[in-house]
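# Summary of the model geometry
Next come the chains, spelled out residue by residue.
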Amino acid sequence: APPPKRPRTEEAAGQIRVRQILLRHASGAKPAVTARGKPVARSPEDAETQLLDALGQLAADGCASFPALCKSLSECQSALRGGEFAGDLGWLDRKSAAKQKDHKTLKVQLPGNVLKVAFELAVGELSDVVASELD
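## A closer look at the confidence of the model for the chain
Residues with a pLDDT of 70 or more make up 75% of the chain, whose mean pLDDT is 79. Within the chain, the lowest mean pLDDT, 62, falls on helix H3 (residues 94-99), and the highest, 93, falls on helix H1 (residues 44-60). Overall, residues 101-106 carries pLDDT values under 50, and its contacts beyond four positions in sequence, including any with other chains, amount to 13 contacts.

Right, dumping it as structure tokens:
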């Protein structure tokens, strides 16, 4: 078997690796549905409270619980991935992110404010809760 891949610990040529925990809320114009097809009834305030609790847990354990927490809490497609890849959005390129039009040029489609926060973080740093609109 090939040797396991080592995780990159530094930004490589303008690229960053992003992981997320996404919670939807029911205040939008169209009904919110999770990646597992379940309707969402929580308020924006409830979503923020849950995310702040998760952020506290991740900060306390140095992100060791991220895969398990993402699998149990997150409502994005990436949460359905196995093992350490739960919540992993992969590598994002600064040039592609700068050129994106309506989120269509990136393999991973992220709102501009999320990309901005992601590129401002240091390696291994957690962001605060970021609110965004998804298509």
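## Some remarks on H1
For H1, which comprises 17 residues, the first-to-last C-alpha distance of 24 Å matches the rise-based estimate of 24 Å (1.5 Å per residue) to within 8%. Taken together, the buried positions of H1 are occupied by Ala 47, Leu 51, Ala 54, Leu 55 and Leu 58. Along H1, the residues classed as buried sweep out an arc of 105° about the axis, all on the same side. Seen from the open side of H1, the exposed residues pointing more than 90 degrees away from its buried face are Glu 45, Asp 53 and Ala 60. At its buried positions, H1 is contacted by helix H2 (66-73). Phi turns positive, to about 65°, at Gly 62, one or two residues after H1.

## Topic: the environment of Leu 80
Among the structural elements, Leu 80 can be located in the loop between H2 and strand E2 (88-93). Measuring from C-alpha to C-alpha, the distance between Leu 80 and Cys 70 comes to 8.9 Å, with 10 residues separating the pair along the chain.

## So, the nonpolar core
Counting 15 residues, the largest nonpolar core has Ile 21, Leu 23, Leu 58, Phe 66, Leu 69, Cys 70 and Leu 73 as its most contacted members. Once residues lying within four places of it in the same chain are set aside, the contact partners of Phe 66 are Arg 19, Gln 20, Ile 21, Leu 58, Ala 86 and Gly 87. Ile 16, Leu 89, Leu 110 and Val 114 belong to the second largest nonpolar core, which has 9 residues in total.

The rules behind these values
Residues numbered from 1 in each chain as written. Predicted model: local features only at pLDDT ≥ 70, side-chain atom pairs only at ≥ 80, totals over all residues. Heavy atoms only, no water. pLDDT = per-residue confidence, 0-100. Helix = DSSP H or I, 4+ residues; strand = E, 2+ residues; numbered from the N terminus. Contact = heavy atoms within 4.5 Å. Expected span 1.5 Å × (residues − 1). Buried < 20%, exposed > 50% of the residue type's maximum accessible area, 1.4 Å probe, protein only. Arc of directions from axis to C-beta. Core = buried A, V, L, I, M, F, W, Y, C linked by side-chain atoms within 4.5 Å.

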